[in-house]
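# Residue-level structural notes
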Amino acid sequence: MKIITTLICLFSLTISFGQTVNDELQITHLTNDFYVFTTYKMFGTIKQSANGMYLVTDSGVVVFDSPWDTSPFQPLLDSIKVKHQKNVVMCIATHSHEDRTSGLTYYRKQGIKTFTTKQTDKISENNKRPRAEFLIEKDTVFSVGQYVFQTYYGGEGHTKDNIVIWFDKEKVLYAGCLAKNINAKSVGYVAEANLEEWPKTIKKVQTKFKNPKFIITGHGNWGSIKSLTHTLKLLKQYKEKNR
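Residues numbered from 1 in each chain as written. Predicted model: local features only at pLDDT ≥ 70, side-chain atom pairs only at ≥ 80, totals over all residues. Heavy atoms only, no water.

### Topic: helix α6 (residues 198–208)
Looking at α6, one finds that the buried residues are Trp198, Thr201, Ile202 and Val205. All buried residues of α6 fall inside an arc of 100° around its axis, so they share one side. In this structure, the buried side of α6 is in contact with β10 (147–152), β11 (164–167), β12 (172–176) and α7 (227–241). (Buried < 20%, exposed > 50% of the residue type's maximum accessible area, 1.4 Å probe, protein only. Helix = DSSP H or I, 4+ residues; strand = E, 2+ residues; numbered from the N terminus. Arc of directions from axis to C-beta. Contact = heavy atoms within 4.5 Å.)

See the structure below:
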């Protein structure tokens, strides 16, 4: 009876996707089998959001970046299971910050294959952050179910290790924190950034992956395909201000 009750409660929470699943997790349909999930973390009295994405395939669900705080780790898995009747089989984190890697240890214990680049793993190890089970040694093409996507490291930017993920057929670019959202007024946290290389890295991504239909940013409003261009503008403003 407890199991049935739990499933009913979960179904009531997820019956209207695109709306709030709970106070700490929102899931929005992007296109086809792509979904964006948003989680939150408190910094003092300010509630900050972070975006991740998941893809539903015939072979299971692939999650790109983990929830930020611990409370949505299991609700994300439960919501996906109820909505799609599939398990999460893979999680790829795009750099070492906690808004990308926090759930890696938890998901690994659930039998989910977790991935980061070797560069991210080294930074995570040095900073005692969660680490993945499998390491990506170079730009890699993954084939999962009916979908194909590739990881790409264009260079340093928001962090030394930030990668993006590209779905060529669907023209979806998961840019993560390399791109600032269209409403951002500043480049934000730059303590681990390379401000000289960041614009160059963005231009490499723009050259390599042309005409994206969707660009998912690491934080804030991900609904604009102009986020990379906007980030270049913010970086230019930051450089001029700090000369």
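### A short note on the pattern of salt bridges
On inspection of all chains with the given rule, the structure shows 9 salt bridges. Close ionic contact of Asp69 with Lys41 constitutes a salt bridge, the shortest N to O distance being 3.6 Å. Taken together, the residues Asp69 in the loop between β5 (60–64) and α2 (73–84) and Lys41 in strand β3 (residues 34–43) connect sequence positions 28 residues apart. With a shortest N-O distance of 4.0 Å, Glu196 and Lys239 are connected by a salt bridge. Taken together, the residues span a long stretch of sequence, with Glu196 in the loop between β12 and α6 and Lys239 in helix α7 at a distance of 43 residues. (Salt bridge = Lys/Arg side-chain N within 4 Å of Asp/Glu carboxyl O.)

### Details of the packing of α6 against α7
Relative orientation of the contacting elements α6 and α7 amounts to 160°, with a least axis distance of 10 Å. Judged by the inter-axis angle, α6 sits roughly antiparallel to α7. Pair α6 / α7 crosses with left-handed handedness. Along its contact with α6, which presents Trp198, Pro199, Ile202, Lys203, Val205 and Gln206, the element α7 presents Leu228, Thr229, Thr231, Leu232 and Leu235. Counted by class, the contact of α6 with α7 contains 7 nonpolar, 3 polar and 1 charged residues. (Axes fitted to C-alpha atoms, helices over the stretch in contact; angles between N-to-C directions. Parallel < 35°, antiparallel > 145°, perpendicular 65-115°, else oblique. Left-handed = near helix turned anticlockwise from the far one by under 90°. Nonpolar A, V, L, I, M, F, W, Y, C, P; charged D, E, K, R; others polar.)

### Looking at the side chain of Thr38
Within the element layout of this structure, Thr38 appears in strand β3. Side chain to side chain, Thr38 and Asn51 meet in a polar contact 2.9 Å long. Beyond its immediate sequence surroundings of up to four residues, Thr38 is in contact with Glu24, Leu25, Gln26, Ser49, Ala50 and Asn51. (Polar contact = N/O pair within 3.5 Å; in protein donor to acceptor, adjacent residues only side chain to side chain.)

### Digging into unusual backbone geometry
The residue Asn32 is not glycine, and still its phi comes out positive at about 50°. With respect to the secondary-structure elements, Asn32 resides in the loop between β2 (25–31) and β3. Phi at Asp65 is positive, roughly 70°, even though this residue is not glycine. Considering the arrangement of structural elements, one finds Asp65 in the loop between β5 and α2.

### Topic: the packing of aromatic side chains
Aromatic rings in a pair are described by how distant their centres are and how their planes are angled relative to each other. By the definition in use, this model includes 15 aromatic pairs. Ring geometry for Phe34 against Phe167: centres 4.9 Å apart, planes inclined by 90°, an arrangement best described as edge-to-face. Placement of the pair is Phe34 in strand β3 and Phe167 in strand β11, with a sequence separation of 133 residues. Of the two residues, Phe34 and Phe167, neither departs from the other in class, the shared state being buried. Geometrically, the ring pair formed by Phe64 and Phe149 is edge-to-face, given 5.3 Å between the ring centres and 85° between the ring planes. A residue pair is termed long-range when its members are at least 10 positions apart, and Phe64 in strand β5 and Phe149 in strand β10 qualify at 85 residues. (Phe/Tyr/Trp six-rings, centres within 6.5 Å; stacked < 30°, edge-to-face > 60°.)

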